[in-house]
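Results of the structural survey
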Amino acid sequence: EAVFPFFADPHNLERITPAFLKFKVLSMDTPTIESGTLLRYRLKLHGLPIHWTTRIKDWNPPHSFRDVQLSGPYRLWDHTHRFERREGGTLMTDIVRFRTPFDILRRTPLLSWINRDVEAIFRYRQTVIETMLGLRWAVSAPHSDHRAGGLCHPTAATAATTGPVRAEAAPS
């Protein structure tokens, strides 16, 4: 399968992130991704330079992995990538939990702006990935997750090497 290895290579993030973010992987502290790998990135968000550091957790190839922000633009960023073999391809589910850097932003129109930014990034990825891997996926709007004290952004995809491709809704 080409799906898990593609998403397990951090340099592919540069290929599937909108150019206006000027996203660049700066370093990785292990030769290959594994549980505990520390990744450092640089990007520009609305013109502001941002350094972002994540750690890989729950590394379980070829089924799933999770990246968690240690420092960066969010108060919380917890991104789970799941891959499940299905007839004709792979069901890929992205679950992104994030929280704004300041609790007060959760009660302002800025939260909608941040949600739109995250959704736009995933929509861009959808377009690029469809072209690169023949992948189709559905992007649903971020929604409140009061149990997590933040927001969830689920997406799902079905990748197929041959035959029709069908998008499915991500589990909540």
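If you're wondering where the values come from, they're calculated on a predicted model, not measured in any experiment.

It is worth spelling out the overall build of the chain at this point. Secondary structure assignment for the chain yields three helices and nine strands. Reading the helices (α) and strands (β) of the chain from amino to carboxyl end gives α-α-β-β-β-β-β-β-α-β-β-β. Of all 172 residues assigned to the chain, the portion counted as buried reaches 47%. Residue pairs in contact within the chain that sit at least 24 positions apart in sequence constitute 37% of those at least 6 positions apart. Summing over all exposed atoms, the chain offers an accessible surface of approximately 9,300 Å²; the carbon and sulfur share of this is 55%.

Applying the stated rule across the entire model yields three salt bridges. Between arginine 66 and aspartate 78 there is a salt bridge, with its nearest N and O atoms 2.8 Å apart. Of the two residues, arginine 66 sits in strand S4 (residues 64–71) while aspartate 78 sits in strand S5 (residues 76–86), which places them twelve residues apart along the sequence. In this structure, arginine 97 and aspartate 78 form a salt bridge, with 3.6 Å as the shortest nitrogen-oxygen distance. Residue arginine 97 is located in strand S6 (residues 89–99), and its partner aspartate 78 is located in strand S5; the two are separated by 19 residues in the primary sequence. Salt bridges sharing partners connect three or more residues here, namely Asp58, Arg66, Asp78 and Arg97.

Take the nonpolar core next. In terms of nonpolar packing, the biggest core is built from 29 residues, with Phe7, Tyr74, Trp77, Phe83 and Phe98 touching the most fellow members. When residues in this core are grouped by element, the largest group, six residues, is from helix H3 (residues 110–133). Not counting the four nearest positions on each side in its chain, tyrosine 74 is found in contact with Trp52, Gln69, Phe98, Arg99, Ile114 and Val118.

Further remarks concern empty space enclosed by the protein. Counted by the stated rule, this structure contains one cavity of 30 Å³ or more. Of the voids in this model, the largest cavity is the one considered here, and its volume is about 500 Å³. For the largest cavity, the lining is made up of 33 residues, of which Leu13, Phe23, Trp77, His79 and Arg125 are closest to its centre. Sorting the residues of the lining of the largest cavity by element identifies helix H1 (3–8), helix H2 (12–16), strand S2 (38–45), strand S3 (48–60), S4, S5 and H3 as the ones contributing at least two each.

What follows covers the pairing of S3. Sheet topology note: the S2/S3 ladder contains eight bridges and is antiparallel. Following the sheet pairing, leucine 39 is matched in S3 by threonine 54. Where S2 folds back on S3, the antiparallel hairpin that results is connected by two residues, among which histidine 46 adopts a positive phi of roughly 55°. Pairing of S3 with S4, which is carried by six bridges, proceeds in the antiparallel orientation. Pairing of threonine 54 across the sheet is with glutamine 69, part of S4. Hairpin remark: S3 followed by S4, antiparallel, with three residues in the connecting loop.

Each value, and the rule that gives it
Residues numbered from 1 in each chain as written. Predicted model: local features only at pLDDT ≥ 70, side-chain atom pairs only at ≥ 80, totals over all residues. Heavy atoms only, no water. Helix = DSSP H or I, 4+ residues; strand = E, 2+ residues; numbered from the N terminus. Buried < 20%, exposed > 50% of the residue type's maximum accessible area, 1.4 Å probe, protein only. Contact = heavy atoms within 4.5 Å. Areas by Shrake-Rupley, 256 points an atom, 1.4 Å probe, with all protein chains shown as cover. Salt bridge = Lys/Arg side-chain N within 4 Å of Asp/Glu carboxyl O. Core = buried A, V, L, I, M, F, W, Y, C linked by side-chain atoms within 4.5 Å. 1 Å grid on protein atoms, 1.4 Å probe; cavity = no way out; pocket = protein on both sides within 12 Å on 5 of 7 lines; lining within 4 Å. Points joined across faces, edges and corners; volume = space filled by probe spheres on them. Pairing = 2+ DSSP bridges.

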